[in-house]
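As a plain string of letters, each chain reads:
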Amino acid sequence: MRAFGNTGLTVPMLGLGASQIGSADMAEADVERLLHHALDSGVTLIDTAHCYGDGLSEERIGRHVAGRRDEFILSTKCGHALDGYEDWTPEIVRASVALSLERMRTDHLDILHLHSCDIDALEDGRLADTMDALRDEGTVGVVAYSGDNDALAFAVDSGRFASIEASVSIADQHNLRTVIGRAAEAGLGVIVKRGIANGIWRHTERPTGTYGDVYWDRLQELAYDTNLEMGEFALRFSAFAPGVSLSLLGTTNPDNITRAIAAVEQGPLPDDVLAHIAERWDAVGQDWDSQR
């Protein structure tokens, strides 16, 4: 377990990313099995967003694990993509939070992220003000930001957020090298998304139109030399990266949760492996921004 920045929360090194349970192609019984398996296995942070699957991800969390609400930290996101509201306004923040509470059958959200808004919206300040008000009202526990690159850096330096969610992986190290260290030093919680680079190495040829397909290109150039299974190699890197509180795993297969737990139980990658990763990134990846 790790302390989650200065938020007062304690979390395991692995959380469940709930984007994929927002797919209508996933059977309801399989979603139920996955969520309960995660909780039964000690994965006690679930991260979703009001827009995942047009709300289906949140609805399913409420449907299947609302009765276990006191067993997990609930993280969601807000700020855009809600019919009848303008993106990145105080009104949409409040409306999406109200909808998230209804869908997930809860009276509070442990962590609420602004969902990758740009610097202009962050500079405005009204979104963070609204989230602060929700926190003061007891609806929200931790006011957070999810994003990458310059907007992430601005959010960290603004002092308005107690936690961040950012892309970090063997194929995506910009945030790790530029922002996350000072976020951790400032006491922020740090959640990693895309921590296994979308498992893109599973494809024998470059996928077309696949989310995160640029990771496939990057891994060809990085050409890591490892005897470890790639999922373990990637997850142990992201979960134990300096400053990171935990890494999210998105999956539809309970067996992948079991394997991920076994991987993090092995602890950090050996120093020589970390040195190899750093050497390869320095050789070819220094100019790569985080992939949004």
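In this text, all values refer to a predicted model and were calculated from it rather than measured experimentally. (Residues numbered from 1 in each chain as written. Predicted model: local features only at pLDDT ≥ 70, side-chain atom pairs only at ≥ 80, totals over all residues. Heavy atoms only, no water.)

Honestly, the overall build of the protein in this entry has me stumped. Any pointers?
Scanning the protein from N- to C-terminus turns up 12 helices and 10 strands. Its C-alpha atoms give the protein a radius of gyration of 18 Å, within 12% of the compact-globule value 19 Å for 292 residues. Its C-alpha atoms give the protein principal-axis dimensions of roughly 50 × 45 × 40 Å. When contacts within the protein are restricted to residue pairs at least 6 apart in sequence, long-range pairs at least 24 apart make up 75% of them. For the protein, the accessible surface area stands at approximately 12,400 Å², while carbon and sulfur atoms represent 45% of it. Mean positive and mean negative side-chain charge positions of the protein (24 and 47 charges, respectively) differ by 2 Å. (Helix = DSSP H or I, 4+ residues; strand = E, 2+ residues; numbered from the N terminus. Rg over C-alpha atoms; globule rule 2.2 N^0.38 Å. Contact = heavy atoms within 4.5 Å. Areas by Shrake-Rupley, 256 points an atom, 1.4 Å probe, with all protein chains shown as cover. Lys, Arg positive; Asp, Glu negative; His and termini not counted. Charge placed at Lys NZ, Arg CZ, Asp CG, Glu CD.)

How should I be thinking about the sheet that holds strand 5 (residues 73–78) in this particular structure?
By way of backbone hydrogen bonds, the strands of a sheet pair with one another, either parallel or antiparallel. An order of 3-4-5-6-7-8-9-10 is seen for the 8 strands of this closed barrel, with the pairing classed as parallel. Neighbouring strand axes in the sheet, compared pairwise and without regard to direction, differ in orientation by 30° on average. As defined by bridge partners, strand 7 (residues 140–146) adjoins strand 8 (residues 163–167) across 3 bridges and the pair is classed as parallel. Within strand 8, the residue paired with Tyr145 across the bridge is Ile164. Strand contacts of helix 5 (residues 126–136): strand 6 (109–115) and strand 7, with the helix running at about 155° to strand 7, the strand carrying the most contacts. (Pairing = 2+ DSSP bridges. Axes fitted to C-alpha atoms, helices over the stretch in contact; angles between N-to-C directions.)

Just to check I follow, could you spell out the environment of Gly187 for this structure?
Relative to the elements of secondary structure, Gly187 occurs in the loop between helix 8 (180–185) and strand 9 (189–193). Not counting chain neighbours up to four residues away, the residues in contact with Gly187 comprise Gly5, Asn6 and Ala162.

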